[in-house]
Amino acid sequence: MASFKYGIKDLQDLVLCTFNNTTAPDIAQFVLPEYQEKFGGVNGLLDALNVRTEAGVSPSELNDRRQLYGVNKVEPEPQDPLWKLMIEAMKDPTLIFLTVAAFISLFIGIFIEQKPLGWLEGVAILSAVVVVVTVASVNDYQKEKQFRDLNAKKEDVQITVVRSSKTETVSTHDLVVGDVVMLSTGDILPADGVILGRNDLAINEKMLTGETVNKKKSPAYVIAGSKVESSPVLFAGTFVQEGEGRMLVVAVGENTYQGHMEAKMAEVESGRSILQKKLDNMTDLITNVSMYVSIALVLILMARMAYAFYAQKCCNEAWDHKVHWSELLGFLITGITIFVVAVPEGLPLAVTIALAFSVKKMLKDQNLVRHLSACETMGGATTICSDKTGTLTTSRMTVVKAWCGGTSYDSMKVLAAKVPAVKERFSTAGVVNTLFKTILKKNANGLITYCGNDTECALLIMAGELGHEYEKIRKSFPEGQEGRKGFSFSSDRKRMSTIVKIDGEETLFCKGAAEIVSAICTSYYGADGKVVPLDGAMRKQLDQTISDYADEGLRTLCIAERKVPGMADADLVVLESDLTLVGLVGIEDPLRAEVPGAIQDCLAAGICVRMVTGDNIQTARAIAKKCGIITDADGEGAVMDGKTFRERVTDSAGEIKQDEIDKIWPSLRVLARSTPLDKLVLVTGIQNSEIGIKQTVAVTGDGTNDAPALKQADVGFAMGIQGTDVAKNASDVIIMDDNFVSIVAAVKWGRCVYDNICKFLQ
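Residues numbered from 1 in each chain as written. Predicted model: local features only at pLDDT ≥ 70, side-chain atom pairs only at ≥ 80, totals over all residues. Heavy atoms only, no water.

I tried to follow the overall build of the protein chain on my own but got confused; where do I start?
For the protein chain, the helix and strand inventory stands at 28 helices and 30 strands. Seen along its three principal axes, the alpha-carbon backbone of the protein chain occupies a region of about 135 × 70 × 50 Å. In the protein chain, which comprises 762 residues, the share counted as buried stands at 50%. Sequence separation of 24 or more characterises 69% of the internal contacts of the protein chain that already satisfy a separation of 6 or more. Accessible area for the protein chain stands at about 35,300 Å²; split by element, carbon and sulfur atoms hold 55% of it. (Helix = DSSP H or I, 4+ residues; strand = E, 2+ residues; numbered from the N terminus. Buried < 20%, exposed > 50% of the residue type's maximum accessible area, 1.4 Å probe, protein only. Contact = heavy atoms within 4.5 Å. Areas by Shrake-Rupley, 256 points an atom, 1.4 Å probe, with all protein chains shown as cover.)

In C-alpha cells form, the structure reads like this:
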C-alpha cells in the first residue's frame with residue numbers, strides 16, 4: 001500500500017483553517033504557519049501526496065488513496081423506516097395521554113361496568129390515536145422520500161483530470177486526493193483543493209460564504225496591506241465564474257468543508273415546533289384541570305357519604321362491606337370517567353389531517369414540506385428574513401433599461417421596434433466586446449444559465465431580445481478573425497475595446513463605465529440610424545440619464561464605436577477618441593414581477609419582511625424600495641450594513657447584546673453586506689426579544705453557511721434550485737422554484753391550518 005506524508009486529519013485541518021481565517025491579520029497569524037511552514041505550500045503538498053503536476057495520479061494508487069483519504073461522496077443517512085417514525089410519533093405527550101385514557105376506559109367498561117358496549121369509548125380513542133400516528137408517520141416518510149429523490153436527481157457530473165500524464169474524463173465520485181483537476185468556466189468544484197500554477201480563475205463562493213464578490217486564486221497568498229487579493233485554496237460546491245486553471249485535490253467527500261458542515265448540522269437536534277409546544281401546553285392544562293376536578297369530585301362524594309352516615313339522614317343501616325365498598329368504587333369510577341371524557345381525542349386527529357391536507361396542497365404551490373408541523377408554524381410567522389438574489393430577484397443580471405437614438409426604453413422589444421435602424425449595430429457592439437468564454441447554457445430544466453461574466457451575459461441576452469442571436473454575431477466576428485485586436489478592461493481606463501473588420505474596414509467597438517465612455521464620444525446614432533453631432537443639450541440629457549440609472553441602482557455601461565481604417569496600430573488614446581455613441585444600458589438583477597404584490601400581501605397580513613443580502617447598501621436599498629420593503633418615509637435605521645450591525649449587537653466574544661439588538665430590529669428592514677453569521681444573530685435576537693408580541697421568524701437561505709440560521713429559525717426555507725445540500729437538510733420547507741411568492745403561499749396555507757384547528761376547538 002502506498003504511503004503518504006500527511007493523513008486525512010492533517011489535510012482536513014488545513015482546509016478548515018483556511019476557511020475560518022480569511023482576513024489579512026488572521027491569515028498571517030494562523031494560516032501561513034500551517035500552509036507555508038508546515039505543508040510547504042503547493043510544492044510541499046505535491047511532494048507529500050506523491051504527485052507531479054504534469055503526470056497526476058497513477059491509476060495503480062487509486063484504491064490506496066480511497067482507503068486512506070475516503071471517496072468523493074457523502075453518503076446520506078439511511079431513511080428511517082416507517083415503524084420507527086410511528087414510535088417517534090407515539091412519544092407525543094398528547095397521544096400518550098390519550099392512550100392511557102383509552103386503556104383506563106377499556107378496563108372500566110369491560111371489567112367493572114361490564115356493559116355490552118362498555119369497550120366502545122376506549123376503542124374509539126385508540127382508533128383516533130392509530131389514525132393520527134399513521135397519518136403523521138406516513139406523511140413524514142413520503143415527504144422525506146420525495147426530498148431524497150429530489151437530491152438524487154442531481155447529475156453525476158463528468159470532469160477532466162490528469163492521470164499518468166494523460167487527460168481523461170471521470171465521474172466526480174471517482175476523484176481521489178492527489179488528483180489534478182482541469183477547471184474551466186461554468187464548472188462546480190467537486191472537492192477541496194489548492195490551485196496549481198498561473199491561472200485567470202474567478203471563483204464565486206456565494207453558496208459557501210454568502211459573499212457575492214468573485215475571488216481570485218493563486219498558488220500562494222497575495223496580500224496587499226489589509227486586503228487579501230488572492231488565495232490558493234478552493235472549496236467544493238463553489239462555482240468557476242470565469243477563467244481556466246488546475247487544482248490539486250486535498251480533501252474529498254465527508255472531509256471537505258461542505259461535508260464537515262453537513263455532518264455538523266446532522267448532529268444538531270431540532271427542538272419541538274411552535275404547534276407542538278402549544279399542543280403540549282394544552283395537554284398539560286387539560287390533564288391537570290381534569291385530574292384536579294376528578295379528585296375534587298371523588299372527595300366531595302366521599303365527604304357527602306361520610307356526612308350522611310354521621311347525621312344518619314340517609315344511611316340508617318350499618319356499614320355493609322358488599323354495598324358500601326361498591327358505592328365508594330362507583331365514586332372512583334365516576335372521577336376516572338370525567339378524567340377520560342375531558343380528553344379531546346379528536347383534536348390530534350383534526351390537527352394531523354389538516355396538516356397533511358395542507359402539505360399536499362402546498363406542493364402544488366412549489367413548497368416541499370419536510371416537517372409536518374412547519375405548516376401551522378408558518379401561519380403564525382410575524383417576520384420573514386429573506387435573501388435578495390434569486391428569491392426577490394431573478395438571479396440573472398439583465399439589461400432592464402437602455403438609451404438609444406435619444407430616448408430611454410424599459411423594454412428591449414420596444415427599443416427594437418422604435419429604432420430598427422440601430423438595433424443590429426447595438427447588438428453587434430455589445431456582443432463583440434464580450435469574452436468568448438462568456439456563454440449561455442441550458443440546464444436540465446431547460447432554463448438558461450450564465451457561464452462567465454454576469455454583465456457580459458446580460459449583453460448576450462439583450463442581443464437576442466433585439467432580434468440578433470449572439471452565436472451568429474460571434475460567427476461573423478470569430479476570435480481568430482484576421483485583423484481582430486482586443487484591448488482588455490483596466491481599472492484605470494474603465495473600459496475595454498475590440499477592433500474587428502466590417503466589410504473589410506476596421507471598426508473599433510468600445511464598452512465601459514457610462515460617464516467615462518460617453519465623455520469621449522462626439523456624436524451618436526439617431527433613431528433613423530444616421531450619425532448626429534453630440535451637442536450640449538444632448539450631452540446634458542445623457543448625463544441626466546446616467547444619473548437616473550445610477551439612482552435606481554443600475555450598473556450603467558456606455559457602448560460606442562468608431563471606424564478606424566488603417567489605424568489598428570495607432571496609440572490606444574487616439575483610437576479611443578471621437579467615438580460615436582451607440583447606446584447606454586442599465587443592468588441589474590431584476591426584481592421578480594410578482595414580488596411587490598406578495599410583499600404588500602405580507603404587510604397587510606401583519607408580517608414584516610426583512611431583506612438580508614450580501615450586496616452593497618446602495619443596490620440593496622434600491623431593490624428594497626422597488627419591492628416595497630422600505631419607503632421614503634422610513635428613517636435611517638431601516639437600512640444598515642453588516643459591519644455596523646455586528647459592531648453594535650455583539651461583544652468582543654461574539655455574544656449577542658440583547659438590549660442593543662432590541663433597539664435595532666423593530667425598525668430594521670434591510671441588512672446589506674451581511675454574512676451568514678449576521679443572519680443567525682438577527683434571527684436569534686428577534687426570537688429572544690421581549691418587545692411586543694413573541695416573534696415567530698421564518699428565514700430563507702441557499703448557502704452552506706446559511707444552515708445555522710435555517711436551523712435556528714422557527715421555519716427554515718431552503719432554495720430548491722440554488723440551495724446546497726447542507727442548506728436543504730437544515731430546512732423545514734424546500735422552495736422548489738426559489739420564488740418569494742411561494743413563501744407567501746406557505747403562510748396562507750399555514751393560516752388555513754390554524755383556522756381549521758380553531759374551528760374544531762369551537
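From this point, the narrative continues.
Just to check I follow, could you spell out the packing of helix α15 (residues 420-432) against helix α16 (residues 454-465) for this structure?
Packed helices, taken two at a time, are described by the angle between their axes plus the distance between the axes. As a packed pair, α15 and α16 sit with axes 9 Å apart at the nearest point and diverge in direction by 155°. What the angle tells us is that α15 and α16 run roughly antiparallel. Taken as a pair, α15 and α16 cross one another with a handedness that is left-handed. Taking contact as the criterion, the partners of F426, S427, G430 and V431 in α15 are, on α16, L459, L460, M462 and A463. For the contact of α15 with α16, the class distribution of residues is six nonpolar, two polar and no charged. (Axes fitted to C-alpha atoms, helices over the stretch in contact; angles between N-to-C directions. Parallel < 35°, antiparallel > 145°, perpendicular 65-115°, else oblique. Left-handed = near helix turned anticlockwise from the far one by under 90°. Nonpolar A, V, L, I, M, F, W, Y, C, P; charged D, E, K, R; others polar.)

Sorry, what's going on with a nonpolar patch on the surface here?
The grouping of F107, I110, F111, L117, W119, L120 and V123 at the surface amounts to a nonpolar patch, some 670 Å² of accessible area in total. Put simply, the parts of the chain that give the nonpolar patch at least two residues each are α6 (93-112) and α7 (120-152). With three residues, α6 is the single largest residue contributor to the nonpolar patch. Inspection of the secondary structure assignment puts W119 in the loop between α6 and α7. (Patch = residues over 30% accessible without salt bridge, like charges linked within 9 Å, V, L, I, M, F, W, Y side chains within 5 Å. Salt bridge = Lys/Arg side-chain N within 4 Å of Asp/Glu carboxyl O.)

Quick question: what am I supposed to make of the side chain of R493 here?
Topologically, R493 is positioned in the loop between β18 (485-490) and β19 (495-502). If sequence neighbours within four positions are ignored, R493 has contacts with F487, S488, I516, L572 and E576.

I would appreciate a short explanation of the pairing of strand β20 (residues 505-513) in the present structure.
Regular strands have side chains that alternate between both faces of the sheet. The buried fraction of β20 amounts to eight of the nine residues, a majority that puts the element mostly inside the structure. Linkage of β19 to β20, two consecutive antiparallel strands, is achieved through a turn of two residues, within which D503 is found at a positive phi near 55°. (Pairing = 2+ DSSP bridges.)

Honestly, the pattern of salt bridges in this entry has me stumped. Any pointers?
If the charged atoms of two oppositely charged side chains come close together, the side chains can form a pair. Under the counting rule described, the total for this entry stands at 21 salt bridges. Put simply, E205 and K215 hold a salt bridge, and the shortest N to O gap is 3.8 Å. One end of the pair, E205, is in the loop between β5 (202-204) and α8 (206-209); the other, K215, is in strand β6 (residues 215-216), and 10 residues separate them in sequence. The residue K626 makes a salt bridge to E588 at a minimum N-O spacing of 3.0 Å. Here K626 is found in helix α22 (residues 617-627), whereas its partner E588 is found in strand β24 (residues 579-588), with 38 residues between them in sequence. Each of the salt bridges in this network shares a partner with another, and the network as a whole consists of E205, K215 and K217.

Even after reading the chapter, I still don't get the nonpolar core, so can you show me in this structure?
In terms of nonpolar packing, the biggest core is built from 75 residues, with L45, L183, F645 and L682 touching the most fellow members. It is helix α1 (residues 8-20) that provides the largest number of residues to this core, a total of six residues. Setting aside residues up to four positions removed in sequence, F645 forms contacts with M640, I661, I664, L668, L671, D678, V681 and L682. Listed in part, the 48 residues of the second largest apolar core include L279, V595, I623 and A698. (Core = buried A, V, L, I, M, F, W, Y, C linked by side-chain atoms within 4.5 Å.)

Hey, could you run me through helix α4 (residues 62-69) in this one?
One full turn of an α-helix is made of 3.6 residues, so residues set three or four places apart face in the same direction. Of all the residues in α4, the buried ones are L62, D64, R65 and Y69. Summarising the axial view, the buried residues of α4 lie within an arc of 160°, below the 170-degree limit, and thus occupy one face. In α4, those exposed residues whose orientation departs by more than 90 degrees from the buried face are N63 and Q67. Positive phi shows up at G70, right after α4, with a value of about 90°. (Arc of directions from axis to C-beta.)

Would you mind going over the packing of aromatic side chains with me for this structure?
Remark: the centre distance and the inter-plane angle together describe each pair of aromatic rings, the angle taken between the planes. Within the structure shown, the criterion is met by six aromatic pairs. Taking the centre distance of 4.6 Å and the plane angle of 50° together, the rings of Y6 and F39 count as tilted. A residue pair is termed long-range when its members are at least 10 positions apart, and Y6 in the segment before α1 and F39 in the loop between α2 (24-38) and α3 (41-48) qualify at 33 residues. Here Y6 and F39 have matching classes, each one buried. With a centroid separation of 5.2 Å and an interplanar angle of 85°, the aromatic rings of F19 and F235 are classed as edge-to-face. Of this pair, F19 sits in helix α1 while F235 sits in the loop between β9 (233-234) and β10 (239-242), and the two are 216 residues apart along the sequence. (Phe/Tyr/Trp six-rings, centres within 6.5 Å; stacked < 30°, edge-to-face > 60°.)

Sorry, what's going on with the environment of E594 here?
With respect to the helices, strands and loops of the structure, E594 is situated in the loop between β24 and α21 (595-604). For the pair E594 and T393, spaced 201 residues apart in sequence, the C-alpha to C-alpha distance is 10.0 Å. Reaching out from E594, the side chain makes a polar contact with the side chain of N739 at a distance of 2.4 Å. (Polar contact = N/O pair within 3.5 Å; in protein donor to acceptor, adjacent residues only side chain to side chain.)

How should I be thinking about the sheet that holds strand β28 (residues 697-701) in this particular structure?
Strand order in this open sheet of eight strands is β12-β30-β29-β28-β13-β25-β27-β26, and the pairing throughout is mixed. Taken across any chain shown, the strands that pair with only one partner, and hence form the sheet edges, are β12 (367-369) and β26 (639-641). Strand-to-strand twist of the sheet, defined as the mean angle between neighbouring strand axes without regard to direction, takes the value 20°. Sheet analysis places strand β25 (residues 608-612) next to strand β27 (residues 670-672), joined by two bridges and oriented parallel.

For this particular structure, what's the right way to read unusual backbone geometry?
Outside of glycine, negative phi angles account for most residues, and trans bonds account for most peptide bonds. Not every positive phi belongs to a glycine, and Q366 is a case in point at roughly 70°. Among the structural elements, Q366 can be located in the loop between α12 (346-364) and β12. The exposure class assigned to Q366 is partly exposed, which follows from its relative accessible area of 31%. With phi around 55°, K494 is a residue other than glycine that occupies positive phi space. Take K494: it is sitting in the loop between β18 and β19.

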